[in-house]
Amino acid sequence: MRVTKSVRECFGANIPLLHRVVLAGMVGGLLIANATAAQAGTPWAWGWNRAGEVGDGTTSIRSTPVQVTGLTNVTGVAAGGDHGLAVKLDGTVWAWGENFGGQLGDGTNTNRLTPVQVSGLTDVVAVSAGETHSLAVKSDQTVWAWGAGANGELGDGAATNRLTPVQVTGLTDVVAVSAGGYYSLALKSDGTLWAWGAGSYGQLGDGATTDRHMPVQVSGLTNVMAIAAGAYHNLALKSDGTLWAWGVNANSLLGDGTATDRLTPVQVSGLTNVVAVAASGTLSLAVRSDKTLWAWGIRLNCDGTQTFINTPQQVIGLTDVVAVAAGSGHGLAVNSDGTAWAWGDNTFGQLGDSTTTCRLTPVQVSGLTNVAAVDSGSYYFSFALVRDPAESFLPQNPTVAMTVKSNTMAIDDLFTVNFSFAPGTGINPLTEAVSLRVGSFSATIPAGSFQFKPAKRNQPAQYAYTGTINGVSLTVKISLLGGNSFEFRAAGNGANLAGTVNPVTLAVMLGNDQGQATVTAQITNR
């Protein structure tokens, strides 16, 4: 989230500033968001470092990435105003940088040049950093907040700062959060969206311009699967791939063809098949399932001019995008090959290309490979989560139950597979392929083929795919919470499993390079 104080930026491909992205279905957004174990690694930072937000023990500006001191096994990072957050595989949260509002959560107001542990938080799966406050989602799906609270952004019913985390009142079953300028958003497993804090521009989406000290439901939105909070506006991605926006619109940030503020959500014009979203004080951004990047808001050109773009336009030169973020006048993107790219204002080295030269088109961030995620803070600094190459994503304790009519695949044969993962891990099939092999039958379900299904009754939220691959009708379901459950229902004539005998082996590949789980089970004849 970024509160823009001046307009002096330049942007890649004539598209303005991006901000943090929330990948659909990833718990907690990024925030950077519920990264998988395959994404666990080390955080790196560069750019402006006034309050120690780079986390390397200095206040020196860095024009190339440096490793944040002392952090390993990190699954998610988040950049705020002038502070950073990281969540580790063990569920602890660490913070560094500016702390005047208590946003580091260590019980003090002391800036920290290297990470310190946030007090009293365990079992955290995702974090988000706002301008001067911080949010965390725990594995029990409760939300915790700390830092500046004058506008009610901590959601505990008060309007006061908190130096250590407090639980947000009345929220359960939360799967994602996003911290805006001085307000907060939370997505529940039933697909509803809730907001609290500053509401002066309608950014809470409840039809009013009133601050709220406890969560209120955003009007008219259901089946939401991803969220992004900007400075004073928000984006929500629905399960049908459409995008909705509300809040301030003076900079054409809502993408509805107008400059009219909206107190409740309106649909962004002309976008379908969206899988990820991002928002800042000057830009809104969407990634589509074909990995193209689209943007609208202020188009700033390095020569002091600017243009308002009130409907989405494609960002030129980036066609294989899997993660994006934005800060104060610059954008960041991760390609599927693990390289990071940046463009825009570079006054403080925030592009990470070893220069301070403004870039109208993306340049590669120096020295980084195997990048899993990026984020950028309000004041000219950038983060990357670099995956440990040795890290694997193999599920733990896989089990399988198979019930078929015979030793060959028949109509309505059901294969149910359950995997359990380490805390804070999981997959995002909107950006990763899922492959399976049963006997001689194999199929790969491409990334972007799944539909998000909100929680119903006692059923958790899940991704679902139904289609025909290699002549076999398949239904594949992946639950989001409580581990990943894969249910394969295959309808066919049996030819694909000809010759299969007990025991049968089912292999599942999750993602392109994230490991494979193979399980063996006896076939039970019906």
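Residues numbered from 1 in each chain as written. Predicted model: local features only at pLDDT ≥ 70, side-chain atom pairs only at ≥ 80, totals over all residues. Heavy atoms only, no water.

## Side note on the overall build of the protein
What counts is decided by this rule: By definition, any uninterrupted DSSP run of H or I lasting at least four residues is a helix, any uninterrupted run of E lasting at least two residues is a strand, and each is numbered from the N terminus. In this scheme, a residue with accessible area under 20% of its type's maximum is buried, one over 50% is exposed, and one in between is partly exposed, where area comes from a 1.4 Å probe on protein chains only. What makes two residues a contact is simply this: any of their non-hydrogen atoms within 4.5 Å. Accessible surface area values rest on a Shrake-Rupley calculation with a 1.4 Å probe, where residue burial reflects the displayed protein chains alone.
Within the protein, the regular secondary structure consists of 0 helices and 40 strands. Residues counted as buried form 62% of the 526 residues belonging to the protein. For the protein, contacts bridging at least 24 residues in sequence account for 57% of all contacts bridging at least 6. Summing over all exposed atoms, the protein offers an accessible surface of approximately 17000 Å²; the carbon and sulfur share of this is 48%.

## Focus: the pairing of strand 9 (residues 133-138)
Basically, it comes down to this: Any two strands between which DSSP finds at least two bridges are classified as paired.
Strand 9 sits mainly inside the fold: 6 of its 6 residues count as buried. Two elements, strand 8 (residues 124-129) and strand 9, share 5 bridges in a ladder whose sense is antiparallel. Bridge assignment links Ala 129 to a residue of strand 9, and that residue is Ser 134. Note: strand 9 against strand 10 (residues 143-147), 5 bridges, orientation antiparallel. In the sheet register, Ser 134 faces strand 10, and the bridge partner there is Trp 146.

## With respect to the state of the cysteines
Inclusion rule: Two cysteine sulfurs form a disulfide in these notes if their separation is within 2.5 Å.
According to the stated counting rule, one finds 1 disulfide in the structure shown. Covalent S-S linkage joins Cys 302 and Cys 358, the inter-sulfur distance amounting to 2.3 Å. Residue Cys 302 is located in the loop between strand 22 (293-300) and strand 23 (306-314), and its partner Cys 358 is located in the loop between strand 26 (340-344) and strand 27 (359-364); the two are separated by 56 residues in the primary sequence. Since its relative accessible area comes to 38%, Cys 302 is described here as partly exposed. What makes Cys 358 partly exposed here is its relative accessible area of 31%.

## Notes on the environment of Tyr 182
Structurally, the position occupied by Tyr 182 is in the loop between strand 12 (174-179) and strand 13 (183-188). Counting along the chain gives 32 residues from Tyr 182 to Ala 150, while the straight-line C-alpha distance between them is 8.5 Å.

## A word on the packing of aromatic side chains
Stated formally: Ring geometry is summarised as follows: Phe, Tyr and Trp rings, the Trp one being its six-membered ring, pair when their centres sit within 6.5 Å, and such pairs are stacked at plane angles under 30 degrees, edge-to-face over 60 and tilted between the two.
One pass over the structure, following the stated rule, counts 6 aromatic pairs. Ring geometry for Tyr 379 versus Tyr 380: centroids 6.3 Å apart, planes at 65 degrees, classification edge-to-face. An identical accessibility class is assigned to Tyr 379 and Tyr 380; each is buried. On the basis of an interplanar angle of 65 degrees and a centroid distance of 5.3 Å, the ring pair of Phe 381 and Phe 383 is categorised as edge-to-face. A single burial state applies to Phe 381 and to Phe 383, both of which are buried. Three or more aromatic residues link up through ring pairs in this structure, and these residues are Trp 48, Phe 348, Tyr 379 and Tyr 380.

## What about the sheet that holds strand 18 (residues 243-247)?
Put simply, the rule reads: What counts as an axis is a line fitted to C-alpha atoms, over the stretch in contact for a helix, and the angles between N-to-C directions run from 0 to 180 degrees.
Spatial strand order, 16-17-18-19: 4 strands in an open sheet with antiparallel pairing. The two strands at the open ends of the sheet, each matched to only one other strand, are strand 16 (224-229) and strand 19 (262-267). Averaged over neighbouring strand pairs, the angle between their axes works out to 20 degrees when direction is ignored. Where strand 17 (residues 233-238) meets strand 18, 5 bridges bridge the pair, whose relative direction is antiparallel. Looking across to strand 18, one finds that Asn 234 is bridged to Trp 246.

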